[in-house]
Amino acid sequence: MPAQKPSVSPPDAESFDHASAIEACARGDEAAFRSLYDLESGRMLALAMRLLNSRDQAEDAVHDAFIKLWSNAGQYRRELGNGRAWLFTILRYRALDQLRAQGRTPRGDSDALDTLADLLANPETAADDSQTAHQLSDCLGELEVPRREPILLAFFKGLTHEQIAEKLSAPLGTIKGRIRAGLKLLQECLSR
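Rules behind the numbers
- Residues numbered from 1 in each chain as written.
- Predicted model: local features only at pLDDT ≥ 70, side-chain atom pairs only at ≥ 80, totals over all residues.
- Heavy atoms only, no water.
- Helix = DSSP H or I, 4+ residues; strand = E, 2+ residues; numbered from the N terminus.
- Buried < 20%, exposed > 50% of the residue type's maximum accessible area, 1.4 Å probe, protein only.
- Contact = heavy atoms within 4.5 Å.
- Areas by Shrake-Rupley, 256 points an atom, 1.4 Å probe, with all protein chains shown as cover.
- Expected span 1.5 Å × (residues − 1).
- Salt bridge = Lys/Arg side-chain N within 4 Å of Asp/Glu carboxyl O.

Asker: Would you mind going over the overall build of the protein in detail, with residue names and values included?
Answerer: When helices and strands are tallied, the protein shows nine helices and zero strands. Traced from its N-terminal end to its C-terminal end, the protein shows the element sequence α-α-α-α-α-α-α-α-α. In the protein, which comprises 192 residues, the proportion classed as buried is 36%. Pairs at least 24 residues apart make up 65% of the contacts formed inside the protein by residues separated by at least 6 positions. Counting only carbon and sulfur atoms, one obtains 50% of the accessible surface of the protein, whose full area is about 11,300 Å².

Asker: I'd love a proper account of the environment of E149, names of residues and values included.
Answerer: Within the secondary structure, E149 is located in helix α7 (residues 145-157). Spatially, the C-alpha atoms of E149 and I175 are 9.8 Å apart, while their sequence positions differ by 26 residues.

Asker: Give me helix α4 (residues 83-101): which residues, what numbers.
Answerer: Between its first and last C-alpha, α4 extends 27 Å over 19 residues, near the 27 Å set by a 1.5 Å rise per residue. Considered for burial, the residues of α4 that qualify are G83, R84, L87, F88, I90, L91, R92, A95, L96, Q98 and L99. Following α4 by one or two positions, G103 adopts a phi angle in the positive range, close to 75°.

Asker: Explain the pattern of salt bridges to me, and be specific about the residues and the numbers.
Answerer: On inspection of all chains with the given rule, the structure shows seven salt bridges. Two residues, R84 and E40, come together in a salt bridge whose shortest N-O distance is 2.9 Å. One end of the pair, R84, is in helix α4; the other, E40, is in helix α2 (residues 30-52), with 44 residues separating them in the sequence. Between R55 and E59 there is a salt bridge; the shortest N-O distance is 3.0 Å. In this pair, R55 and E59 are both assigned in helix α3 (residues 55-72), four residues apart and thus about one turn of the helix distant.

Asker: A description of the environment of E30 should follow, citing residues and the corresponding values.
Answerer: With respect to the helices, strands and loops of the structure, E30 is situated in helix α2. With 40 residues separating them along the chain, E30 and W70 place their C-alpha atoms 9.1 Å apart.

Asker: Could you give an account of the environment of K68, naming the residues involved and the relevant values?
Answerer: Note on placement: K68 falls in helix α3. A sequence separation of 23 residues divides K68 from L91, and the C-alpha atoms of the two residues are 9.1 Å apart. The contact partners of K68, leaving out residues within four places of it in the chain, are A73, I90 and R94.

See the structure below:
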């Protein structure tokens, strides 16, 4: 008789310790990997579908992101950032790589703040996720435009620092500094 899985409700994304789970993956802990997958794969699929506009490609991107997570978990450093953000960054880069390989550009919307909230709030998720998306949107709204705009261009359009500098007619060092300062302010805002 096959072993039955215990009936356990999945952990809450906001209280789950993503960093510890990623570190456990680096040690080969398959249960930690399964927990991350069970918790985040739905949200990641929603984001990938939004970026790629194709369920098949989105599924491939999520699959690739989890393979990359498993093989590169040892590179994660909690002192450099949030584990959940690291996981979603892997997905974002996988999706952007797929688009570039096809000669396509990421989809962009006119109202970047609303789009960001929409991207992060999967309709199938609980109110906590919507609250997080709104908090992120609020924090982005608090940033000065010169710091917010390059962050949004990097996230939504997948532009490199060089491309952002060219688009905004600003020196590369200035763009890098604005992004670095803006991300630090976002991190501080989100930790309040």
